[in-house]
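Results of the structural survey
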Amino acid sequence: MRSFSAISGLCILWITMAQIAGQEDREKTTALKDLLSRIDLDELMKKDEPPFTFPKTLEEFEYAFNENGQLRHIETGEPFVFNAREDLHRWNQKRYEALGEIITQYVYELLETKCNMKKVFLPVDATEDEPRSFIYLSQDALTNPNKLLVLIQGSGVVRAGQWARRLIINQDLDSGTQIPFITKAMEEGYGVMVLNPNENYLEVEKPAKTSPISSPAELPDEPAEKRERKDDNERKKKREFYEKYRNPQKETETERIPIRENASSEEHVLYVWDHFVSSAAAKNVFIIAHSYGGLSFVELMNQREMQVKNRVCAVALTDSAHNIWHQETTKGTQDWMQQYCCNWVSSPEPLDTQLEPMLPDCPRVSAGTERHELTSWMSFESIFKFFNEALSAKEEEEAEENAHAVTTRSGSLKNKHQDL
């Protein structure tokens, strides 16, 4: 009997201990889940990051462009290396972006020194304290009586004078910038306008946030000492947790102030048309638009259809992002694009191979590359050939019209003379 009681007691004790252990396990599991929910994996990966302090010039980066326009390390002669530090992708990306900003300034300098272009700020009536954008004009952009070339890039981080930052850094200046197009256009007698459709806002640092102080009425109804101990414990837990996993550097929070009438690529293209292209002296306007720049051009046609038709001689698109259905273009715009536009698209086919049209707008031909960012550079010679043919066709048509007008006037005068 005593043996049975002892066994029963042990069973009860074992069950009780198991229940306690189970409860402790559940509490540990709950605590672990709570801990994991607080862990930001990105923050955990940032733990050992070095500071986001990068060089301000190419020389400080120890890189320079060689005689072929390729970015090379000053000492080793090697191309740019993205993974400067293994397992620190975010830091490597920040370093790449810092180099990209230097490249942007470098290209601006080339536009001004090598291409002898002038910077013009937008809006034209901007006050000193409001955000501004700018474009680049050749010296004769507004006065050239014959030809004007307008360059519109795609979306993203690229700024005036660039087609693709990636190409500038990893390939060369010719493929990634608009400078070869500008140089050739000037040699062939064009005035040139270089647009800046991605310079849409001024980025400023956000003011520090002040924590709101709760009023006594909002505080929980519990003793002050207990509440303070509870808050202290909570703060201690958070501090211990984040001291272990926090990022030692905090990125600056910023806000964007839009540039008046230039807050998007579409607005910018329309603004430049209204304030510069429409008042330029050139009889024949030519446009090269890459990627999203093609969409912005089509939007310009939607807004200024008759003006574009009267002034523009030909448009070269490169892997354009436009869509005549989504942008709700008119039948007149579609017919005009069919005759005066050509879209060089990424394709494995040889350069200038005619491709099946996807929409009833402009003809599509191969750019001779499957890389989107390379389509402008690969189509370089073909684009200027297309422009020359379009101008010749227009001049022949005008000559025929003039000859017909002269013949008509001669016949009219002859008839009048016979009547007399």
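Per an unreviewed UniProt entry, the chain carries the name ARB2 cotranscriptional regulator A and comes from Cyprinodon variegatus.

Geometrically, the link from L122 to P123 is a cis peptide bond, its omega value of -10° lying close to zero. Within the element layout of this structure, P123 appears in the loop between strand 3 (118–122) and strand 4 (133–137). Positive phi, close to 60°, is recorded for E261, a residue that is not glycine. Note on placement: E261 falls in the loop between strand 8 (254–258) and helix 9 (265–277). Taking relative accessible area as the criterion, E261 reaches 41% and is therefore assigned partly exposed.

Further remarks concern the environment of C115. By the element assignment, C115 lies in the loop between helix 4 (89–113) and strand 3. Expressed as a C-alpha distance, the spacing of C115 and Q139, which sit 24 residues apart in the sequence, is 9.7 Å. Residues within four places of C115 in sequence aside, it is in contact with L110, I179, I182 and M186.

The biggest cluster of nonpolar side chains holds 52 residues, and the ones touching the most others in it are L149, I288 and F387. The leading source of residues in this core is helix 4, at 10 residues. Those residues in contact with F387 that sit more than four places away from it in its chain are L149, Y190, F286, I287, I288, A314, V315 and A316. Within the second largest apolar cluster, 35 residues are counted, among which are I135, L300, M301 and L317.

Moving on, we get to the packing of helix 9 against helix 10 (residues 292–303). Following both chains from N to C, one finds helix 9 and helix 10 inclined at 55°, their axes separated by 9 Å at the closest point. For the element pair helix 9 / helix 10, the angle class is oblique. In this structure, helix 9 meets helix 10 at a crossing whose hand is right-handed. Each of S265, E266, V269, L270 and W273 in helix 9 lies in contact with helix 10, whose residues at this interface are Y292, L295, S296, E299, L300 and Q303.

Cut-off values and rules
Residues numbered from 1 in each chain as written. Predicted model: local features only at pLDDT ≥ 70, side-chain atom pairs only at ≥ 80, totals over all residues. Heavy atoms only, no water. Helix = DSSP H or I, 4+ residues; strand = E, 2+ residues; numbered from the N terminus. Buried < 20%, exposed > 50% of the residue type's maximum accessible area, 1.4 Å probe, protein only. Contact = heavy atoms within 4.5 Å. Core = buried A, V, L, I, M, F, W, Y, C linked by side-chain atoms within 4.5 Å. Axes fitted to C-alpha atoms, helices over the stretch in contact; angles between N-to-C directions. Parallel < 35°, antiparallel > 145°, perpendicular 65-115°, else oblique. Left-handed = near helix turned anticlockwise from the far one by under 90°.

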